[in-house]
Structure formats: structure tokens, C-alpha cells
Amino acid sequence: MDYVIIGLLVLIIILIVISLMKNINEQKITDRLNNLEISTIKELNTFKDNLTKSLGEDFDKLNVNMERRLLAINEQVNERINQNFEKTNKTFTSVIERLGKIDEAQKKIDSLSTDIISLQSILTDKKTRGIYGEVNLKHILANVFGEKNDAIYRLQCPLPNGTIADSILFAPKPLGTIAIDSKFPLEHYQLMVSKELSKGEREEAARAFKLDVKKHIDAISSKYIIHGVTSEEAIMFLPAEAIFAEINAYHQDLIEYAYKKRVFITSPTTLISTLTVIQMIIKNMEKDKYTKVIHEELNKLSLEFARYKERWDKLSKSIQAVNKDVENVSITTEKISKKFDAINKVDFKEIKELEQ
């Protein structure tokens, strides 16, 4: 029984001690928590101040950088805007200039259209067409050979049979003297290519066109090919490229007919090419002629140089002989001078030595 009481007392004492220690620990913990709270609040306030300060500085730096970048971007944008404005201004100016040129070209086209209409009205008359062909032929000859080059060509040249050719070309052999006559079969050609006419009417115009061309070929062959005076060929000049192209493309029988009559059909382009080739041949012949003259003169100069060399050799030998004689005379003169000096000095010993 006593032990139980003692145990209970001990237990009570232990509980009291534990309770006291618990209170003490709780107080310590409370104090520590209070201290920790105060310290944490201070650190948080310090961190907050530092963070606010750092954020303020970073924001200021960021603001400065943003302002710099915005200024740089603004400058670049302004520069590009100015460049684009200059380019746009140049483009606009160029467009205005081109519009001006287009307007000027349009005016020229309108004027050209008027001229074409006027030219068509002129070419409806046979006489004016003939004059037009002759003038065109004259310009071609003048452009290739020069104005009034009578040594190569002549305009409106009379022939022994009483006819007058529009032009006579004095080409080198084997071509010889060639007559060139201008022809302009226009009426039936225009009807032949007109889309306003029916197929039958165009075919009828084509047959009439062929007859016109054959008549011109016959006239040139009979009038301007004279045996012993001109070449065995003559040239028919068509002032219109379209007519020449029509004949070569769709009327081969006319080309063969002209070939049989020894008449060559040409247009402004082909005639210029033919005359240019003839001009080159004439120039080459002139070069060959002058080359032959130069060769002959060089041969003559070679003979003269051979004579010169022969005479120079003789003269050189004579000069060498004279030079040798001069040296001998000089030696003799020197000896005589020394003897005279010795005589003057009356030095007989020296005279004897000189005689030896």
C-alpha cells in the first residue's frame, strides 16, 4: 500500500515537472517565434526596400534603353521614309517624263498617220509612184556610194537604143554595166490583199498583178539589156518591201519568169545588200591595184638599193685606200719634221739615228 502511494506521489511529481517544463518550453518557443517573426519582418522589409530600389533602377535603365531604341527606330523609319519618298518622287518624275514621251510619240503617230494617208493619196497616181521609186533608188545609191559618184553609177542615163534607165551601175567584171529600173505595181496588189473583197475578186486581182509584174519584167529585159553595151542582166527595183515579200513568198513563178528574162527583182533591203557587196568588191579591187603598184615600186627600190650598195662598197674601199695613204703621208711628214728639228739643233748624232 505504501509503495502504491509512493508511486502515485512520484507520478504526480513527474507530471508536475513535465507540466512545468512544458510551460517553460512553450514560453521559450513563444519568445523564439516572436523573435523570429520580428527578424523575418525586418528581413522582409529590407528585402522589400532592396527589391523596390533594384526594380526602380532596372526600370530606369530599361526606360533609358527603350528611349534610345525608340529614337534609333524612329531615325531609321524617318530615313527609310525619306528614301522611299525620294524613290517615289523619282518614279513619279520618271512616269511623268514617260507620259510626256508617250504623248509626244502619240502626236508623232498621229502625224505619221496623216503622212501615211497623204502618201497613199500620192501613190495612187502612176506618175507620182514612178517619181517616188526613182527618188528612193537615188537615196539608196547615194547612201552606199556617195553623192554624184559618176565613176560607179549614173542616174537617168541614156542608152544607145534611145531608152533612159533610172540608173546605170558600173560594176566590176564579170558583172559589168548593169541597168537598174524602178517599178511600182500597186493597184492590183492592193486589191489582191484587201480583205474587203471576195475571194473571187482577190484571185482576179492576183492574176492582174502577175500580168503587171511580167509586163515590167519584159520591158526591162527588152530595153535595158543591150549586147556589147550593158551586162546580160538587169535589175528591177521594187520600192515596197511588202510587194517584194509577196512575190517571193507566194508567186515563185514570177521569180522563175524574171530569171529566164535575166532580170533580178530587188527591194530596198536586198538592193542595199547587193550594192554593199559590189562596193566591197570595188574597194578590194582598188586595194589589189595599189598593192600591185606598191610591189612594183618596191622591186624598183630594191634594184636602186643594190646599185647604192655596190657604189657604197667602191666608195668605202676608196676611202680606206685614201685613209691608208693619209696615214703613210702623216708618218713621212713626222719623220721630215723630226729631221728638220735635228738640223736646226745641229745634232748630227740624232740625224744619223733618224736615218737608221
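See above for the structure.
Report on the accompanying structure. All of these numbers come straight from a predicted model, not from anything done at the bench.

Along the backbone of the protein there are eight helices and five strands. Relative to its full complement of 356 residues, the protein shows a buried share of 21%. Look at the contacts in the protein between residues 6 or more apart in sequence, and 61% of them connect residues 24 or more apart. Counting every atom, the protein has about 27,300 Å² of accessible surface; 60% of that belongs to carbon and sulfur.

Let's shift gears to the environment of Arg202. Within the secondary structure, Arg202 is located in helix α4 (residues 199-224). Exposure remark for Arg202: the relative accessible area of 28% places this residue in the partly exposed category. Through-space distance from the C-alpha of Arg202 to that of Gln190 is 9.4 Å; in sequence the pair is twelve residues apart. Each residue touching Arg202, except ones within four places of it in the same chain, is listed here: Leu191, Met192, Ser194, Lys195 and Leu197. At 2.6 Å, the side chain of Arg202 forms a polar contact with the backbone oxygen of Leu197.

Take the environment of Thr270 next. Its location among the elements puts Thr270 in helix α7 (residues 268-345). Of the residues examined, Thr270 reaches a relative accessible area of 26% and is grouped as partly exposed. It is 9.4 Å that separates the C-alpha atoms of Thr270 and Glu241, two residues lying 29 residues apart in sequence.

Counting residues in each nonpolar core, the largest one holds 29 residues, and the members touching the most others are Phe209, Met236 and Ile243. For this core, the secondary structure elements donating two or more residues are β2 (164-170), α3 (187-193), α4, β4 (234-237), α5 (241-250), α6 (252-260) and β5 (263-266). With seven residues, the top contributor of residues to this core is α4. Those residues in contact with Met236 that lie beyond four places of it in its chain are Asp181, Lys183, Val213, His216, Ile217, Ile220, Val263, Phe264, Ile265 and Thr266. Counting 18 residues, the second-largest nonpolar core is a separate cluster that includes Tyr153, Ile235, Leu275 and Ile282.

In terms of strand pairing, strand β1 (residues 153-158) meets β2 through five bridges, oriented antiparallel. Along β2, the bridge assignment pairs Arg154 with Ile168. Counting the residues between successive antiparallel strands, the hairpin from β1 to β2 contains five residues, one of them, Gly162, with a positive phi of roughly 90°.

Neither face of β4 is open: one carries Ala234 and Met236, the other Ile235 and Phe237, and all of them are buried. Where strand β3 (residues 177-182) lies against β4, four bridges are found, and the strand directions are parallel. Pairing of Ser182 across the sheet is with Phe237, part of β4. In this sheet, β5 lies alongside β4 in parallel orientation, the contact comprising four bridges. Across the sheet, residue Ala234 finds its bridge partner in β5, namely Val263.

Another point: the packing of aromatic side chains. For the structure shown, the criterion picks out three aromatic pairs. The ring of Tyr257 has Lys214 lying over it, and the distance from NZ or CZ to the ring centre is 5.3 Å.

Attention now moves to the pattern of salt bridges. Close approach of charged atoms lets side chains of opposite charge pair. A full pass over the atoms with the stated rule returns four salt bridges. With a shortest N-O distance of 3.1 Å, Asp181 and Lys183 are connected by a salt bridge. Lys183 shares its class with Asp181; the two are buried.

Spatially, β1-β2-β3-β4-β5 is the arrangement adopted by the five strands of the open sheet, whose pairing is mixed. Bordering the open sheet on either side are β1 and β5, each of which pairs with just one other strand. If you compare each strand with its neighbour and ignore which way they point, the axes differ by 30° on average. Each of β2, β3, β4 and β5 is contacted by α4, which is oriented at about 145° to β4, the strand it contacts most.

Attention now goes to the packing of α5 against α6. At a minimum axis distance of 5 Å, the contact between α5 and α6 shows a crossing angle of 95°. Looking at the two axes, α5 sits roughly perpendicular to α6. In this structure, α5 uses Ile247, Asn248 and Tyr250 to contact α6, whose residues at the interface are Gln252, Leu254 and Ile255. Here the residues of the contact of α5 with α6 are counted per class, giving four nonpolar, two polar and no charged.

Let's shift gears to the packing of α4 against α6. Where α4 contacts α6, the two axes come as close as 10 Å, and the packing angle between them is 15°. By the angle class used here, α4 and α6 are roughly parallel. For the pair α4 and α6, the crossing hand works out as right-handed. Across from Phe209, Lys210, Val213, Lys214, Ile217 and Asp218 in α4, the residues of α6 making contact are Asp253, Leu254, Tyr257 and Ala258.

Conventions adopted
Residues numbered from 1 in each chain as written. Predicted model: local features only at pLDDT ≥ 70, side-chain atom pairs only at ≥ 80, totals over all residues. Heavy atoms only, no water. Helix = DSSP H or I, 4+ residues; strand = E, 2+ residues; numbered from the N terminus. Buried < 20%, exposed > 50% of the residue type's maximum accessible area, 1.4 Å probe, protein only. Contact = heavy atoms within 4.5 Å. Areas by Shrake-Rupley, 256 points an atom, 1.4 Å probe, with all protein chains shown as cover. Polar contact = N/O pair within 3.5 Å; in protein donor to acceptor, adjacent residues only side chain to side chain. Core = buried A, V, L, I, M, F, W, Y, C linked by side-chain atoms within 4.5 Å. Pairing = 2+ DSSP bridges. Phe/Tyr/Trp six-rings, centres within 6.5 Å; stacked < 30°, edge-to-face > 60°. Lys NZ or Arg CZ within 6 Å of the ring centre and 35° of its normal. Salt bridge = Lys/Arg side-chain N within 4 Å of Asp/Glu carboxyl O. Axes fitted to C-alpha atoms, helices over the stretch in contact; angles between N-to-C directions. Parallel < 35°, antiparallel > 145°, perpendicular 65-115°, else oblique. Nonpolar A, V, L, I, M, F, W, Y, C, P; charged D, E, K, R; others polar. Left-handed = near helix turned anticlockwise from the far one by under 90°.

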